[in-house]
Amino acid sequence: AKKMTSNQLRDRLTAAAADASGLKPALVEKWVATAREVALAKKTKRVTGEDVAPEEWQRMLAERNTSNVRVLDVRNGYEWDVGRFDGAERPEGDTFAEFEPETFGLPSGGAEAAETPVMMYCTGGIRCEIFSAKLKQRGFKKVYKLQGGIQHYGNALAAGALGTAAPDDAAVADAADAAAPAA
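Residues numbered from 1 in each chain as written. Predicted model: local features only at pLDDT ≥ 70, side-chain atom pairs only at ≥ 80, totals over all residues. Heavy atoms only, no water.

Trainee: Any chance you could explain helix α6 (residues 126–137) here in plain terms?
Mentor: Given 3.6 residues per turn, any residue in an α-helix points the same way as the ones three and four places further on. An ideal rise of 1.5 Å per residue puts 16 Å on twelve residues; α6 measures up with 17 Å between its terminal C-alpha atoms. By the burial criterion, the buried members of α6 are Arg127, Cys128, Glu129, Ile130, Phe131, Ser132, Ala133, Lys134 and Leu135. Of the residues flanking the end of α6, it is Gly139, one or two places downstream, whose phi is positive at about 100°. (Helix = DSSP H or I, 4+ residues; strand = E, 2+ residues; numbered from the N terminus. Expected span 1.5 Å × (residues − 1). Buried < 20%, exposed > 50% of the residue type's maximum accessible area, 1.4 Å probe, protein only.)

Laid out in structure tokens, this is it:
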């Protein structure tokens, strides 16, 4: 058997992942490149966003009206449709591989990026890890990720760790729905 170069192997794996997922190979390659960036960031000690426990997240959401905090939902479009935090911003792209700071209308860098606080959440934390590393690379200093994603938040809410909430509270219902496993 002929040995493959690392580029040939990458191309073959990208094509296989695209076939299996139904995504365009260019999107798969972009996602893989972003994952490589995160791995390199961790290896070289570059920082991703700060993990925020559900209790602290809840406090930050309540206080965001007094600041210019941006709340980003970095889940896919169908997850957004299931439920989201009030005021969360949906990206223009349909899939995570398409997300860039510009798809959320964020500054592209410089002093404005450094001063823009960004809170983000996803389903389980992985997409936040990747996207927060991208923001940090672009000069954002105040980047916060919901620890464990909406799943962890929903579990903490169900366990009563976030205080009491009326069962008809729409935000509670959205968080619980978003945390529920897909059927």
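Trainee: Which parts of the structure should I look at to understand the packing of helix α3 (residues 54–63) against helix α7 (residues 149–158)?
Mentor: How two helices sit against one another is set out by the angle between their axes and by the gap between those axes. Where α3 meets α7, the closest approach of the two axes is 10 Å, and the angle between their N-to-C directions is 95°. What the angle tells us is that α3 and α7 run roughly perpendicular. Across the interface between the two elements, Pro54, Trp57 and Gln58 of α3 pack against His152, Tyr153 and Ala156 of α7. Partitioning the contact of α3 with α7 into residue classes produces four nonpolar, two polar and no charged. (Axes fitted to C-alpha atoms, helices over the stretch in contact; angles between N-to-C directions. Parallel < 35°, antiparallel > 145°, perpendicular 65-115°, else oblique. Contact = heavy atoms within 4.5 Å. Nonpolar A, V, L, I, M, F, W, Y, C, P; charged D, E, K, R; others polar.)

Trainee: Just to check I follow, could you spell out the pairing of strand β2 (residues 70–73) for this structure?
Mentor: Regular strands place side chains that alternate from one sheet face to the opposite one. Side chains of β2 alternate between two faces, with Arg70 and Leu72 and Val71 and Asp73 buried alike. Both β2 and strand β3 (residues 118–121) contribute to a ladder of four bridges, which runs parallel. When the sheet's bridge partners are listed, Arg70 is paired in β3 with Val118. (Pairing = 2+ DSSP bridges.)

No statement about biological role is implied by the geometric values presented.
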